[in-house]
Amino acid sequence: MKRMKKAVAMLLVFIMTGSLLSGCGNSKGKLITLTIYSQLANYSGEMQGWFAKIFEQRWGVKVNLVPETGGVYDTRMEAGDLGDIVILGSDGADFVQAIEAGLLLDWEEDNLLQEYGPYIWENMQPALNKNREVSGDGKIHGFGYNVAASSDSHDAFMYTWDIRWDLYEQLGHPEVNDMDDLLEVLADMQELSPTGDDGKKTYAMSLWPDWDGTLVMYPKSLATAFYGPDGDFGMGHYNPQTGEFQGALDEGSIYLEMVEWFNKLYRRGLLDPDSMTQKYDQYIEKAQNGNVLFSIFDYAGSQAFNNDAHFSQNQIMLPLVPTEATPIVGGLSPLGGSRVWCIGANTQYPEICMEIINWLCTPEGVITMEYGPKGLTWDYDENGKTYFTDFGKTCVEDRTTLMPDEWGGATFNDGAFQPNNRTWTIADINPESGEPYDKQYWASNQVPEGRCDAERDWRAFTGAETVQGYMDSRDKFLVDQPTTYSSSKKDAELDSIYSQVATCIKDYSWRAIYANSEEEFDQIISEMIEKANAYGYAQCIEWDKKEAEIKNALQEPLR
């Protein structure tokens, strides 16, 4: 049956390829539709724009993207079909359950991986073997994201504490040792710059709820950025250096501390009041317009704000990490991370799915996912080094830039790779150029003299030339070393309890952030703890601590 599917698929590819070539890539032939189910996506429906054109021109495919919203995983599991390409948020319980239900393809069946995924097969053996180990049936059903060629270093820092350095310089570089110091600096910065480019009010911070998981994303991430323990571990924080786990509602927890800090921001008029209701795209627009003065994340701070227009006004966002902070950074590993690429067992087009994933692992595929189509937005120069075209630089600086009609005509951002997962880590070296995939390290992007006076001031103040150089020079961070750990499967009763407790914590955390007084804040937190305990918080934490013991046993030999 599988070989029949393969024959039919290859015939369709031959027919469609001929149609596409004869029509100069304008898809006059009939396209097949692939469903990509991604638990990481923020987009639903048929993909549009420039990456949709890549799917169309390379494989004769249009993509219907299904994100994880409101129990989609359970619904698709019950229906017996997860999709053609499947991207799961972890290689833990959902991954193993899907394998046990026979809904994820064995990549070695009929030599599928070797024939149609040669780049993966030749370059990602450790990640494939990890997947074989955690799958439970000894077979390869995919690989985890952010694969690295070696484990000699760590990933690029994501928690970079980006702040409007031009404003910080104007304040005279006041000391920022802890979160209280930071709050006062942000208040002073807001007074210096009360409006953004669009004339609308500035705020120290602006949040979005789209990415809330077991906990509210921003408080748990701020706790990770300051103290170090991983907030993407169960219902609390796991310390990768000690193996200790702290529950979110434990007395004196770092999660509750940061919920309270955000409430202080709110009561001082420093937190965007839209934080609880806006989407990520709305946030990014504000960040690009200079309505946000600080972000713990690089992608939501400097990468959104920094562009030539702002540099010409001597405005720039650069890191200022509190002296007491110990941010976390992921260790690089050939094993890859937990977010796993898979192929649905019921796909009619396994070869095409494998070819797509394989191309996304090639240097061209990696850079295209990050920065757009080769030749249009980036290319290699005569020395084999990567550079942005003028148009590509515009797209990267302003993701609302419209693409040419032949590339779908949508904005660069709307046309991007919406399934929202990586193959190789961009901190790794591109074998074709000899420099990292990350644009900030390209020789073509280096500006030895600095991009503006404020950046020159930052360099003089920190003694660093680059963001990552500064983060490394602090020599104060935690490295989360990848292992073969994957979360265990909860039984149905605990899973239900876990969901109830998580919903309770998220709902009450947001209410606490928006409290109008300390008394109201304390009352909300007290009620949250009472209700969470009634729902079964203790059972959830007991589970998390056992999971922490498992992961710690795997990480201990690596320390």
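Before reading further, recall that the structure is shown in the block above.
Procedures and definitions
Residues numbered from 1 in each chain as written. Predicted model: local features only at pLDDT ≥ 70, side-chain atom pairs only at ≥ 80, totals over all residues. Heavy atoms only, no water. Disulfide = S-S within 2.5 Å. Buried < 20%, exposed > 50% of the residue type's maximum accessible area, 1.4 Å probe, protein only. Helix = DSSP H or I, 4+ residues; strand = E, 2+ residues; numbered from the N terminus. Arc of directions from axis to C-beta. Contact = heavy atoms within 4.5 Å. Pairing = 2+ DSSP bridges. Axes fitted to C-alpha atoms, helices over the stretch in contact; angles between N-to-C directions. Lys, Arg positive; Asp, Glu negative; His and termini not counted. Salt bridge = Lys/Arg side-chain N within 4 Å of Asp/Glu carboxyl O. Parallel < 35°, antiparallel > 145°, perpendicular 65-115°, else oblique. Left-handed = near helix turned anticlockwise from the far one by under 90°. Nonpolar A, V, L, I, M, F, W, Y, C, P; charged D, E, K, R; others polar. Phe/Tyr/Trp six-rings, centres within 6.5 Å; stacked < 30°, edge-to-face > 60°. Patch = residues over 30% accessible without salt bridge, like charges linked within 9 Å, V, L, I, M, F, W, Y side chains within 5 Å. Areas by Shrake-Rupley, 256 points an atom, 1.4 Å probe, with all protein chains shown as cover. Charge placed at Lys NZ, Arg CZ, Asp CG, Glu CD.

1. Examining the state of the cysteines
One pass over the full model with this rule turns up zero disulfides. Of the cysteine sulfurs around Cys-342, a residue in no disulfide, the closest is that of Cys-353, at 12 Å.

2. Some remarks on helix H7 (residues 125-134)
For H7, every residue scored as buried is listed here: Ala-127, Leu-128, Lys-130, Asn-131 and Val-134. End-on, the buried residues of H7 take up no more than an arc of 155 degrees, which puts them together on one face. As for H7, its buried residues are in contact with helix H4 (93-100), helix H5 (112-116), helix H6 (118-123), strand S5 (143-144) and strand S13 (340-343). Trailing H7 by a residue or two, Gly-136 shows a phi angle of about 90 degrees, which is positive.

3. Here's the deal with the sheet that holds strand S2 (residues 45-46)
The strand order across the open sheet formed by six strands is S2-S3-S1-S4-S13-S5, and the pairing between neighbours is mixed. Since the sheet does not close on itself, it has two edges, and those belong to S2 and S5, each with one partner. Pairing geometry for strand S4 (residues 85-88) and S13, over four bridges, is antiparallel. Paired with Leu-88 across the two strands is Val-340, which belongs to S13. Of the strands in this sheet, strand S1 (32-38), strand S3 (61-67), S4, S5 and S13 touch helix H15 (residues 350-361), which is tilted by about 155 degrees from S13.

4. Quick word on the pairing of strand S7 (residues 230-233)
Regular strands have side chains that alternate between both faces of the sheet. With two bridges connecting them, S7 and strand S8 (residues 236-238) associate as antiparallel partners. Note on S8: the bridge partner recorded for Phe-233 is Gly-236. Between S7 and S8, which follow one another and run antiparallel, lie two residues, and Gly-234 among them has a positive phi close to 60 degrees.

5. Overview of helix H2 (residues 50-59)
With seven of ten residues buried, H2 lies mostly within the body of the structure. Those residues of H2 that fall on the buried side of the exposure criterion are Trp-50, Phe-51, Ala-52, Ile-54, Phe-55, Glu-56 and Trp-59. One or two steps after H2, the chain reaches Gly-60, where phi turns positive at roughly 65 degrees.

6. Focus on the side chain of Glu-397
Positionally, Glu-397 belongs in helix H17 (residues 390-397). Salt bridges are absent for the buried Glu-397, whose nearest opposite-charge side chain, Lys-393, sits at 4.4 Å.

7. Comments concerning the packing of H2 against H15
As a packed pair, H2 and H15 sit with axes 12 Å apart at the nearest point and diverge in direction by 125 degrees. One way to sum up the angle between H2 and H15 is to call them oblique. The two elements H2 and H15 meet at a crossing, and its hand is right-handed. Facing H2, whose interface residues are Phe-51, Ile-54, Phe-55, Arg-58 and Trp-59, H15 presents Ile-352, Glu-355, Ile-356, Trp-359 and Leu-360. Grouping the constituent residues of the contact of H2 with H15 by class yields eight nonpolar, no polar and two charged.

8. Some details on the packing of aromatic side chains
Enumeration over the complete set of coordinates arrives at 39 aromatic pairs. Ring centres of Tyr-159 and Phe-297 lie 5.5 Å apart, and the angle between their planes is 40 degrees; on these two criteria the pair is classed as tilted. With a gap of 138 residues between them, Tyr-159 in strand S6 (residues 159-164) and Phe-297 in strand S10 (residues 294-297) connect regions that are remote in the sequence. Note on Tyr-159: relative accessible area 7%, which makes it buried.

9. Focus on the sheet that holds strand S11 (residues 317-319)
Strand order in this open sheet of three strands is S10-S6-S11, and the pairing throughout is antiparallel. The open sheet terminates on both sides in strands that have one partner only, identified here as S10 and S11. Shown here is a sheet whose adjacent strand axes are inclined to one another by a mean of 30 degrees, direction ignored. Set on the sheet, helix H9 (residues 179-192) makes contact with S6 and S10; between it and S6 the angle comes to about 30 degrees.

10. What to know about the side chain of Asp-438
Note on placement: Asp-438 falls in the loop between H17 and helix H18 (453-462). Despite its burial, Asp-438 pairs with no opposite charge; the closest candidate is Lys-439, at 5.7 Å N-O. Apart from the residues lying within four places of it in its own chain, the contact partners of Asp-438 are Ala-156, Tyr-371 and Ile-426.

11. Description of the environment of Asp-188
With respect to the secondary-structure elements, Asp-188 resides in helix H9. Asp-188 gets classed as partly exposed once you look at its relative accessible area, which sits at 36%. Along the chain, Asp-188 and Thr-326 lie 138 residues apart, while their C-alpha atoms are 25 Å from each other.

12. Let's talk about a negative patch on the surface
A surface patch of negative charge is lined by Asp-74, Glu-78, Asp-491, Glu-493 and Asp-495. Elements supplying a minimum of two residues to the negative patch: helix H3 (72-79) and helix H20 (492-513). Its place among the elements puts Glu-78 in helix H3.

13. So, the pattern of salt bridges
A full pass over the atoms with the stated rule returns 18 salt bridges. Residue Lys-489 pairs with Glu-100 through a salt bridge whose shortest N-O separation is 3.9 Å. In this pair, Lys-489 is assigned in the loop between strand S16 (478-480) and H20 and Glu-100 in helix H4, connecting sequence segments 389 residues apart. Take Glu-100: its relative accessible area is 59%, and that puts it in the exposed class. Here Lys-220 and Asp-232 are joined by a salt bridge, their closest N and O atoms 2.1 Å apart. Linking Lys-220 in helix H10 (residues 217-227) with Asp-232 in strand S7, this pair joins segments that are twelve residues apart in sequence. The exposure class of Lys-220 is buried, given its relative accessible area of 8%. It is possible to trace a salt-bridge network through shared partners that takes in Asp-272, Asp-274 and Lys-286.

Fair warning: the whole summary comes from geometry, so function is off the table for now.
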